[in-house]
There are 2 protein chains.
Amino acid sequence: MSALPLTGPTGAMAIGAEPVIGTGEEIRSVDPRTGAALDPGFREASAEDIERACALAQRAFPEFRALGAERRAEFLDRVAELLDARRDPLVERAHTETALPRPRLTGEVSRTSGQLRLFAAELRTGAWQGARIDPARPGRAPLPRADIRQRRIALGPVAVFGAGNFPLAFSTAGGDTASALAAGCPVIVKAHQAHLGTAELVARTITEAAADTRMPEGVFSQLVGSGEVVGARLVQDPRIRAVGFTGSRSGGLAIAAMAAARPVPIPVYAEMSSINPVLLLPTALETRGAELGTAFAQSLTLGSGQFCTNPGLVLAVEAPGLDAFVKAAADAVAADAGATMLTPGIADHYAAAGDALAARDGVEEAARGSRPDSAACGHARLLAVDGARFAADPELQTEVFGATSLIVRCTDTSELTEAVEALEGQLTATLHADEADHPLAAKLMPLLEERAGRVLFDGWPTGVEVGHAMVHGGPFPATTDPRSTSVGTLAIERFLRPVAYQDVPSALLPAELRDENPLGVWRRVDGEPGRGASSADTVP
Amino acid sequence: MSALPLTGPTGAMAIGAEPVIGTGEEIRSVDPRTGAALDPGFREASAEDIERACALAQRAFPEFRALGAERRAEFLDRVAELLDARRDPLVERAHTETALPRPRLTGEVSRTSGQLRLFAAELRTGAWQGARIDPARPGRAPLPRADIRQRRIALGPVAVFGAGNFPLAFSTAGGDTASALAAGCPVIVKAHQAHLGTAELVARTITEAAADTRMPEGVFSQLVGSGEVVGARLVQDPRIRAVGFTGSRSGGLAIAAMAAARPVPIPVYAEMSSINPVLLLPTALETRGAELGTAFAQSLTLGSGQFCTNPGLVLAVEAPGLDAFVKAAADAVAADAGATMLTPGIADHYAAAGDALAARDGVEEAARGSRPDSAACGHARLLAVDGARFAADPELQTEVFGATSLIVRCTDTSELTEAVEALEGQLTATLHADEADHPLAAKLMPLLEERAGRVLFDGWPTGVEVGHAMVHGGPFPATTDPRSTSVGTLAIERFLRPVAYQDVPSALLPAELRDENPLGVWRRVDGEPGRGASSADTVP
């Protein structure tokens, strides 16, 4: 199947297979360079629109989850194929709505399609089902053992709230949507208000792919509206069985509270807030302080610092190498031209949060970059504070979403350790360490892994590889649920739950649990992993 | 090491390695046959006791989780060995406190030690860590791929609230404690008030095993007190990172609400409420209605029906076979002598809840057994209602903890299907089906697996096998978290979270993630499961 050319956004939501124009208040995305409202206007979903999307998702659910992994993989592959074919118009619209550079957005399309293909591949391995078989032991004394088998099944329809800073890879067809669909869960996206046009184009692409691959209507819908009204209704709808969210701490906490207060509570996977500490160990600083400072500033200012994994905190022990680091970083930050941020609101919040941080006792400004002349302008900023004050003032851990970072200067490694112990939960923690620093690194590692979802050495946290081993998650407040990741194949587990089958006749078992293992999936038989057939145990 | 003889309970809690007598209000367990308060008296833990248990757990945590799986397995094995060696005094005390028959309690000791040994074995396989390795691809274009590795680590100290109906297997050394310790989480148990003496004897055994195997002090403590005070303080303590609970719906919901309202919310695994529907399909009823009725009544009255998996609901289509089933079941229930229940309070609640169910519109009593003359007496009870009324009245799904069951008589399979669709979440769902029933069973299976953690054929739900494939869990209100199980090796996942390691030098990696795989654990390398070594990818 070839892809039809993509016409521009029309202001439509997607409710099942239908493009639907809402009837509520008009909402428009804004060109962050000019502040001008963009065409087309969108209108907020009515209660009936939400009802219809939920009813379709609920109706599609049994068929969708029963389709089998191969059929769902075809659907995901087709979405990927269409997104790649439509890269140019997607990049163009996203560029208009977010001011993110075209090369970055081009890469994001590939990341998004690559992610969909990775989940398709994971579906085909069958490993995601976690199949387990404990064969019957009819001869066991004092009681025979029943035949018990286990697999994971989908939770049900999932509501997805995408992120503003990744209009493609963490939005309508992003990791939450891809992993929920892979799991067999229909998805209803609440379109991000800052890139409504991009969201429409992507939703239309998913809807087309669903039709091309004959998915049941309702596996995907996208609604337009505010978080307070449309978002809240979705989270509270009894047919929604889980929520994926990427955004602010206040937004994530509001959703989590709503989900916990439902008559039937549901899991919320909210990725919220992280300042991503970077630890510079003494020998690394001594041998390459200035070099690290320059590289750090580059990571900090990348994409105006609008990454969940932006290095918003640097921890190090006082030494000449630290002075060299700070000088190089400050020079680079001062020379930074700044860039238009995602929205005027984000730029305002960035300025206010940075000022609040700078105004805390003991915080000094080490450098400040320029700001461009646009409606949503941000400038890079480097602040510094001493270690004792950092450990004593939790407010210094408030995330400033954008290119601001706080350098914590500790008097010795014991103060450094105390600062680490005071850290809240994080998505990442980074160590720059030379060989001579490894004994200290070995002591810090356990503290860091207790506080972060990913620990990395001698790099910068801003790149999040999509693979099997990635964890993009971490303890609160990085996320509301540290037991999972929103990036990488493990993300599918968020939308599954285990079911056991006891003495179920073979013909009624799901294929992946039958003795002969017709799909050749990985299973644990009496605990032992393998891909072979199983048979009744001879062990009593 | 041999086991010292076990002296009787003294009224002590266990705070780290120390037996500690509380200073609060006196609490005693009661002989449910006589209502007499039992010696010794226990005293509620003070705020300082709770503080000390939490501080010790927190201090023990880094060392305990770093010990390595083999060392923790030795600890669990030693607990199992000591419990087996002390079977007789444990059974005797538990019998006094719960009135459960000695043979049943003897089996429960074996179940408890077997469970501990199963987790020890699971630790040794390493599979529980979910190790994943995505080797670096230095030559990948446009950007090289970093080396990323993943494993699961322990969440931190866990609070456990045991169940009254399994004073050994779901209490102080039960499944929650065994799986949390296996994961590397220190455990603080809130002793169950109905079997304080048994709880003390078991806690002492765990403490001894911890000393015998040189575990850090604080890996285990047990506190005495009410759920409202001691329980609430534990759940709200910032050092507690997860909760395991088995008990009433009101208790589970109160804990879940408290945990969600913490400044740092934590996961709660509460197993609460399930009526375990049993579906009798037409041909099975026709060919063996009476036989099924007798077997059902046996499962219903086992242990006075005091099982989470007690068959509290029977669903079937009107037919002569159903009449035969009801008659046989009613005869058996009427002939049942009853038995002393776990506590006078449970017996009162059982009587009141059964009366409330019997008083609902359209409910009729089909049979009632005798009740023995004891302080906590219960009698078996069989009620019946028609299918339309069942689907329309959610109150008919209220759990009556004890040997009461409701038979739902449906006019046809479509009414049966509607009744199934109306079901809340369950631990189990059972089908009795002959070959000719399989087409109907195939239609019902998806509805049942969406509503239950375990689906079983041609048996009774009351036996819960401890193995790799078991799921003892299910959608709300069966549990607060359907993504897990409280029985079987998968239960360990409740207390773990994934961490990724990016470009971490080999010497600083946990052993199970090093290329050479020195522990020989199962890992997914670039997604492919295996037990071999890994090496840098040659794929670009």
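A quick note: this is a predicted structure, and the numbers were derived from the prediction, not measured.

Conventions adopted
Residues numbered from 1 in each chain as written. Chains lettered and ligands numbered in written order. Predicted model: local features only at pLDDT ≥ 70, side-chain atom pairs only at ≥ 80, totals over all residues. Heavy atoms only, no water. Pairing = 2+ DSSP bridges. Helix = DSSP H or I, 4+ residues; strand = E, 2+ residues; numbered from the N terminus. Axes fitted to C-alpha atoms, helices over the stretch in contact; angles between N-to-C directions. Contact = heavy atoms within 4.5 Å. Phe/Tyr/Trp six-rings, centres within 6.5 Å; stacked < 30°, edge-to-face > 60°. Buried < 20%, exposed > 50% of the residue type's maximum accessible area, 1.4 Å probe, protein only. Lys NZ or Arg CZ within 6 Å of the ring centre and 35° of its normal. Buried area = accessible area lost by both parts, 1.4 Å probe. Salt bridge = Lys/Arg side-chain N within 4 Å of Asp/Glu carboxyl O. Polar contact = N/O pair within 3.5 Å; in protein donor to acceptor, adjacent residues only side chain to side chain. Nonpolar A, V, L, I, M, F, W, Y, C, P; charged D, E, K, R; others polar. Least-squares fit on C-alpha atoms with pLDDT ≥ 70 in both. Parallel < 35°, antiparallel > 145°, perpendicular 65-115°, else oblique. Left-handed = near helix turned anticlockwise from the far one by under 90°. pLDDT = per-residue confidence, 0-100. Expected span 1.5 Å × (residues − 1). Bend = angle between axes of the 7 residues up to and from the residue.

Draft legend 1. Structural context of the sheet that holds strand β20 (residues 452-457) of chain A. Taken together, the 12 strands give an open sheet; going across it, the order is β15(A)-β17(A)-β18(A)-β13(A)-β12(A)-β19(A)-β20(A)-β21(B)-β6(B)-β5(B)-β22(B)-β23(B), and neighbouring strands pair in mixed fashion. Every other strand in the sheet has two partners, leaving β15 (364-368) of chain A together with β23 (528-530) of chain B as the edge strands with one partner each. Ignoring which end each strand starts from, the neighbouring axes of this sheet average 20° apart. In the sheet, β20(A) pairs with strand β21 (residues 496-502) of chain B via three bridges, with the strands oriented parallel. Counterpart to A:Arg454 in the pairing with β21(B) is B:Ala500. Along the sheet, helix α13 (residues 413-421) of chain A contacts β12 (277-280), β13 (313-317) and β18 (404-410) of chain A; its crossing angle with β13(A), the most-contacted strand, is approximately 155°.

Draft legend 2. Quick look at the packing of aromatic side chains. Under the definition given, this model contains 15 aromatic pairs over all chains. Both rings, one in A:Phe296 and one in A:Trp460, keep their centres 6.0 Å apart while their planes meet at 45°; by these two values the pair is tilted. Within this pair, whereas A:Phe296 is found in helix α9 (residues 282-301), its partner A:Trp460 is found in the loop between β20 and β21 (496-502), the two being separated by 164 residues in sequence. For the ring pair B:Tyr269 and B:Phe495, a centre distance of 5.6 Å and an interplane angle of 80° mean the geometry is edge-to-face. One end of the pair, B:Tyr269, is in strand β11 (residues 268-271); the other, B:Phe495, is in the loop between β20 (452-457) and β21, with 226 residues separating them in the sequence. Each member of the pair, B:Tyr269 as well as B:Phe495, carries the same accessibility label: buried. Each member of the aromatic cluster is reached from another via a ring pair, and the members are A:Phe166, A:Phe170 and A:Phe307. Geometry around B:Phe166 places B:Arg104 over its ring, the cationic atom sitting 4.4 Å from the centre.

Draft legend 3. Unusual backbone geometry, seen in detail. Residue and element names in this part refer to chain B. Cis geometry marks the peptide bond from Asp39 to Pro40; its omega dihedral reads -10°. Looking at where Pro40 falls in the secondary structure, it is placed in the loop between β3 (26-27) and β4 (42-43). The amide bond that connects Ala141 to the next residue, Pro142, takes the cis arrangement and shows omega of 0°. In this structure, Pro142 sits in the loop between β5 (131-134) and β6 (148-154). In this model, Ser304 sits at a positive phi of 55°, which is unusual for a non-glycine residue. One can find Ser304 in the loop between α9 (282-301) and β13 (313-317). Residues other than glycine seldom take positive phi values, yet Asn517 does so here, at roughly 50°. Structurally, Asn517 can be placed in the loop between β21 and β22 (523-525).

Draft legend 4. Just the interface of chain A and chain B, in detail. Contacts between the two partners involve 72 residues from chain A, matched on the other side by 72 residues from chain B. Buried surface at the junction of chain A and chain B, both sides included, amounts to about 5,900 Å², of which 55% is carbon and sulfur. At the boundary of chain A and chain B, one finds 16 salt bridges. Summed over the shared surface of chain A and chain B, the number is 48 residue pairs in polar contact (both at pLDDT 80 or more). Among the elements of the structure, α1 (47-66), α4 (102-125), β5 (131-134), β6 (148-154), α14 (438-451), β20, β21 and β23 (528-530) of chain A are those that each provide at least two residues to the side of chain A that touches chain B. Sort the elements by how many residues they give to the side of chain A that touches chain B and α14(A) lands first, with eight residues. Of the residues contributing to the side of chain A that touches chain B, the split by class is 38 nonpolar, 10 polar and 24 charged.

Draft legend 5. Geometry of the pattern of salt bridges. Inspection of the entire model under this criterion finds 88 salt bridges over all chains. A salt bridge links A:Arg137 to A:Asp526; the shortest N-O distance between them is 3.4 Å. Here A:Asp526 lies in the loop between β22 (523-525) and β23 and A:Arg137 lies in the loop between β5 and β6, a separation of 389 residues in the sequence. Overall, A:Asp526 belongs to the partly exposed group, its relative accessible area being 25%. One connected set of salt bridges, linked through shared partners, spans A:Arg65, A:Arg151, A:Glu512, B:Glu449, B:Glu450 and B:Arg451.

Draft legend 6. Molecular detail of the environment of B:Leu383. Residues and elements named next belong to chain B. In this fold, Leu383 is placed in strand β17 (residues 381-386). Since its relative accessible area comes to 0%, Leu383 is described here as buried. Put simply, Leu383 and Ala330 are 53 residues apart on the chain and 9.4 Å apart in space, counted from C-alpha to C-alpha. Residues contacting Leu383, with those up to four places away along its chain left out, are Gly354, Leu357, Ala358, Val363, Glu364, Glu365, Ala366, Thr404, Ser405, Leu406 and Ile407.

Draft legend 7. Focus on the relation of the copies chain A and chain B. Between chain A and chain B, which share one sequence, the superposing operator has a rotation angle of 180° and an axial displacement of 0.0 Å; the RMSD is 0.0 Å. In the structure described here, the two chain copies are related by an operation that fits a two-fold rotation axis. No C-alpha of chain A approaches the rotation axis more nearly than that of A:Ala260, which lies at 3.6 Å. Most of the interface of chain A is mirrored in chain B, where 100% of its interface residues again form contacts.

Draft legend 8. The environment of B:Ala533, seen in detail. Residue and element names in this part refer to chain B. Inspection of the secondary structure puts Ala533 in the segment after β23. Counting along the chain gives 447 residues from Ala533 to Arg86, while the straight-line C-alpha distance between them is 43 Å. In this view, Ala533 contacts Asp515, Glu516, Asn517 and Arg523; residues no more than four positions away in its chain are not counted.

Draft legend 9. Examining the pairing of β20(B) more closely. Residues and elements named next belong to chain B. For β20, the buried fraction is high: six of the six residues fall into the buried class. Bridging between strand β19 (residues 426-432) and β20 involves five bridges; their strand directions are parallel. Directly across from Thr428, in β20, lies its bridge partner Arg454.

Draft legend 10. View of the packing of helix α2 (residues 69-85) of chain A against α4(A). Residues and elements named next belong to chain A. Two elements in contact, α2 and α4, have axes whose closest approach is 8 Å; the angle formed by their N-to-C orientations is 165°. Considering the angle they form, α2 stands roughly antiparallel to α4. When the axes of α2 and α4 are compared, the crossing they make is left-handed. On α4, the residues touching Ala69, Glu70, Arg72, Ala73, Glu74, Leu76, Asp77, Val79, Ala80, Glu81, Leu83 and Asp84 of α2 are Val109, Ser110, Thr112, Ser113, Leu116, Arg117, Phe119, Ala120, Leu123 and Arg124. Split into classes, the residues belonging to the contact of α2 with α4 amount to 11 nonpolar, three polar and eight charged.

Draft legend 11. Quick look at the side chain of B:Arg381. Within the fold, B:Arg381 resides in strand β17. There is a polar contact of 2.7 Å between the side chain of B:Arg381 and the side chain of B:Asp355.

Draft legend 12. Structural detail: the pairing of strand β12 (residues 277-280) of chain B. Residue and element names in this part refer to chain B. Taking every second residue as pointing to the same face, both faces of β12 are buried, with Pro277 and Leu279 on one and Val278 and Leu280 on the other. Sheet topology note: the β12/β13 ladder contains four bridges and is parallel. Bridging across to β13, Leu279 finds its partner in Leu315. Summarising the sheet, β12 and β19 pair through three bridges and their orientation is parallel. Bridge pairing in β19 places Leu280 opposite His432.

Draft legend 13. Structural detail: the packing of α1(A) against helix α7 (residues 227-236) of chain A. Residues and elements named next belong to chain A. As a packed pair, α1 and α7 sit with axes 11 Å apart at the nearest point and diverge in direction by 35°. The hand of the α1/α7 crossing is right-handed. Mapping the contact onto sequence places Ala47, Ile50 and Cys54 in α1 and Val230, Arg233 and Leu234 in α7. Per-class residue counts for the contact of α1 with α7 are five nonpolar, no polar and one charged.

Draft legend 14. Main features of the sheet that holds β22(A). As summarised here, the arrangement of the 12 strands in space is β23(A)-β22(A)-β5(A)-β6(A)-β21(A)-β20(B)-β19(B)-β12(B)-β13(B)-β18(B)-β17(B)-β15(B), forming an open sheet in which the pairing is mixed. A strand with exactly one partner marks an edge of an open sheet, and here the two such strands are β23 of chain A together with β15 (364-368) of chain B. Between one strand axis and the next, the sheet turns through 20° on average, direction left out of account.

Draft legend 15. The confidence of the model for chain A, seen in detail. With 98% of its residues at a pLDDT of 70 or more, chain A has an overall mean of 96. We note a pTM of 0.97 for the whole complex and an ipTM of 0.97 for its interfaces.

Draft legend 16. Just α14(A), in detail. All names here are of chain A. Between its first and last C-alpha, α14 extends 19 Å over 14 residues, near the 20 Å set by a 1.5 Å rise per residue. At Leu444, α14 shows its largest kink, close to 35°, and the proline Pro446 lies no more than four residues downstream. The buried fraction of α14 amounts to 10 of the 14 residues, a majority that puts the element mostly inside the structure. Of the residues making up α14, those classed as buried are His438, Leu440, Ala441, Leu444, Met445, Leu447, Leu448, Glu449, Glu450 and Arg451.

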